[in-house]
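Observations on the three-dimensional arrangement
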Amino acid sequence: MMEIRWRGLWLGSILATLLLPTAHPAAEDDIPTSSLVLSDAFKFTRNSYNVSIPENAMGKTFVTPEEKMGVQRGEEDLEVRFKIVNGDRDKFFKAEERLVGDFWFLLLRTRTGNTDVLNRERKDRYVLQVRATATKRDGKKTAVVDAETTVIVTVLDKNDLNPLFYPTDYEETISEDVPLHQSILRVSAEDADLGRNGELYYSFQEPTEQFAVHPTTGVVTLTRPLRYSDRSLHQLTVLAQDRGSVLKGGGKPSAAQLRIIVKQVNLYGPEMYVHHLPDIVENSNTDIYAIVRVMDRDEGIHGKIKSLEIVDGDPDGHFRITRSQSKTDEFNIEVLKLLDRETAPQGYNLTLRAIDSGIPPRQTYKYVPVHLADLNDNAPVFDREIYEVDIPETAPVNSPIIRLKVSDADQGRNAQVFLEIVGGNEGNEFNINPDTGMLYTAVTLDAESKAFYTLTVSAIDQGNAGTRKQSSAKVKINVVDANDNDPLFEAAEVNVTINENEPAGAAVIKVNARDRDSGENAYISYSIANLNPVPFEIDHFTGSVRT
């Protein structure tokens, strides 16, 4: 070990090795090798530097450092050479020096004559070991000082790659009932570039309103309803273009082919249209009540009607469904039995079920009301066959006696009933309201003249002539007697001769009186009405007068 002071420049402790000059010519990057000196005073400004260079750079393209690279000059006659000693196996870079003032700048550039170029996608970082050799010549002697640093070269990305789809062909089968905005599939492309040069935008080559592709995720969704009958195959071309090309207005997009196959499904249920015939007249021999047309908007087997049947509203089996012989989409609702409106006054409410032949089958329901037209097949009915009623003989004229209730199971005019007295009212003692059935007195009744009446009342409906029905009932009226008559003697005055000295209790005469009333009102009690006492008495019950 020795210490050397070189023209006032303190080099510190150094280890020197003297080398003899060689006869070999110096190469472009070779430096004199008379002696090698390693000193702390001669060194780079930093132990490492960061620089960058774009990929695909041409020859003699200099790197861009973040700060100046190099060593201080020191002595004026000191010459410095830079050389890459490690990290550049492919010989892409060359180190050059340039003296500016008192600073030797390290310059790195790409070599000329290389057939290969920098490719960031292959290698994006180089770590170069650069050696600086300072040479001081003094006659035949040469003093050499070395220093090393690390230069980290970052290869910057250029938009030199196009996106690539993998795979390039996509195929998906979907049902025609896929909901709107549902994801169908996802296309994917890659770009090895960095930053926005590697950010991809997806789009369709030809505009379409049926589908949409998300610009960044590549997810293809449905935007309009599908219909197998309109189109069963959709062929689309999806483009992928990186953002760098989009912003700069250039670049070649990549394309992928997309086949979307639409699978037919049983999309619609059957639709029923009912053509009603005139209302069924009850108890008539009607064959067909209605014609039902069943349609299905699907195509193929999905649009064929498998069956139409009555599933509710006909518990007794009055109806059945048959398929038309001439048209496969028409069915007849047939009447199997005589229908009685009085049994089903509201008619029938049939529930039809149509099932198609699709997979899976679809079914629909429809309610079909059946109205029955009334036939005047029922006679009016009194709530009683015989009515019995009492009425006092003192009842005034137009006194209500009794209301006769009549019903008719028919409908409309066939159920409208008029009442009239057809027998037992020869003296017109009574009348009846033909609509309400209320029976009234028409004259003042007299139990003494006639105490009992038997009326025949007829009820007739208002159906069409020739179809009217009639029934009758008996009304027995008992005229209740009132005490409205005075007793009357058979003779208003009677002369009787009696012998004197007749013993007490001897019969003198028997008087008789009559009362037109009846019952208790006809019982007669006798008495002597003289104010002064007389020598006679009368039996109160028999009317016998005795002494």
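Residues numbered from 1 in each chain as written. Predicted model: local features only at pLDDT ≥ 70, side-chain atom pairs only at ≥ 80, totals over all residues. Heavy atoms only, no water.

Two side chains that carry opposite charge are able to pair once their charged atoms sit near each other. Taken as a whole, this structure holds 14 salt bridges when the rule is applied. As a salt-bridge pair, Arg46 and Glu67 come within 2.9 Å of each other at their nearest N and O atoms. A residue pair is termed long-range when its members are at least 10 positions apart, and Arg46 in the loop between strand E3 (35-38) and strand E4 (48-54) and Glu67 in the loop between strand E5 (64-65) and strand E6 (70-72) qualify at 21 residues. Judged by relative accessible area, Glu67 falls into the partly exposed class, the value being 37%. Residue Glu199 pairs with Arg243 through a salt bridge whose shortest N-O separation is 3.2 Å. A residue pair is termed long-range when its members are at least 10 positions apart, and Glu199 in the loop between strand E15 (189-190) and strand E16 (200-204) and Arg243 in helix H1 (residues 243-248) qualify at 44 residues. With relative accessibility at 37%, the residue Glu199 sits in the partly exposed group. In this structure, a network of salt bridges that share partners links the residues Arg120, Glu121 and Asp157. (Salt bridge = Lys/Arg side-chain N within 4 Å of Asp/Glu carboxyl O. Helix = DSSP H or I, 4+ residues; strand = E, 2+ residues; numbered from the N terminus. Buried < 20%, exposed > 50% of the residue type's maximum accessible area, 1.4 Å probe, protein only.)

Attention shifts here to a nonpolar patch on the surface. Nonpolar side chains collect at one region of the surface, where Ile498, Ile528, Val534 and Phe536 lie side by side and expose about 280 Å² of accessible area between them. We classify Val534 as partly exposed; its relative accessible area is 35%. (Patch = residues over 30% accessible without salt bridge, like charges linked within 9 Å, V, L, I, M, F, W, Y side chains within 5 Å. Areas by Shrake-Rupley, 256 points an atom, 1.4 Å probe, with all protein chains shown as cover.)

With that out of the way, let us pick up the sheet that holds strand E19 (residues 233-242). Spatial ordering of the open sheet is given by E13-E20-E19-E16, a layout of four strands whose pairing is mixed. Each end of this open sheet is capped by a strand with a single partner; those strands are strand E13 (169-175) and E16. Strand-to-strand twist across the sheet, computed as the mean angle between neighbouring axes with direction ignored, equals 25°. Relative to strand E20 (residues 254-263), E19 is paired through eight bridges, and the arrangement is antiparallel. In the strand pairing of E20, His234 is matched with Ile260. (Pairing = 2+ DSSP bridges. Axes fitted to C-alpha atoms, helices over the stretch in contact; angles between N-to-C directions.)

Moving on: the UniProt feature "domain: Cadherin" (unreviewed entry) in the protein. In the numbering used here, UniProt assigns the feature "domain: Cadherin" (unreviewed entry) to residues 45-165, 166-272, 285-382, 383-489 and 490-547. Annotated as 0% helix and 49% strand, the span residues 285-382 places its first and last C-alpha atoms 31 Å apart. (UniProt positions renumbered as here; feature names shortened; annotations may be inferred.)

On to the domain arrangement of the protein, then. Per the domain assignment, the segments making up the protein are domain 1 (48-156), domain 2 (164-263), domain 3 (271-373), domain 4 (381-480) and domain 5 (485-546). Between domain 2 and domain 3, the C-alpha centre-to-centre distance is 50 Å. (Domains from an automatic or database assignment.)

For the bond from Tyr166 to Pro167, the omega torsion is 0°, close enough to zero to count as cis. Along the chain, Pro167 turns up in the loop between strand E12 (164-165) and E13. In this model, Asn56 sits at a positive phi of 65°, which is unusual for a non-glycine residue.

Our next topic: the environment of Leu455. With respect to the helices, strands and loops of the structure, Leu455 is situated in strand E37 (residues 452-461). Using a relative accessible area of 0% as the deciding quantity, one classes Leu455 as buried. Setting aside residues no more than four positions away along its own chain, Leu455 makes contact with Ile421, Gly423, Gly424, Asn425, Phe430, Leu439, Ala473, Lys474, Val475 and Ile477. (Contact = heavy atoms within 4.5 Å.)

With that out of the way, let us pick up the side chain of Thr149. Tracing the chain through its elements places Thr149 in strand E11 (residues 141-156). There is a polar contact of 3.0 Å between the side chain of Thr149 and the backbone oxygen of Arg46. Of the polar contacts made by the side chain of Thr149, one reaches the backbone oxygen of Asn47; its length is 2.8 Å. Sequence-distant contacts of Thr149, defined by excluding residues within four places in its chain, comprise Phe44, Arg46, Asn47, Ser48, Tyr49, Leu128, Gln129 and Val130. (Polar contact = N/O pair within 3.5 Å; in protein donor to acceptor, adjacent residues only side chain to side chain.)

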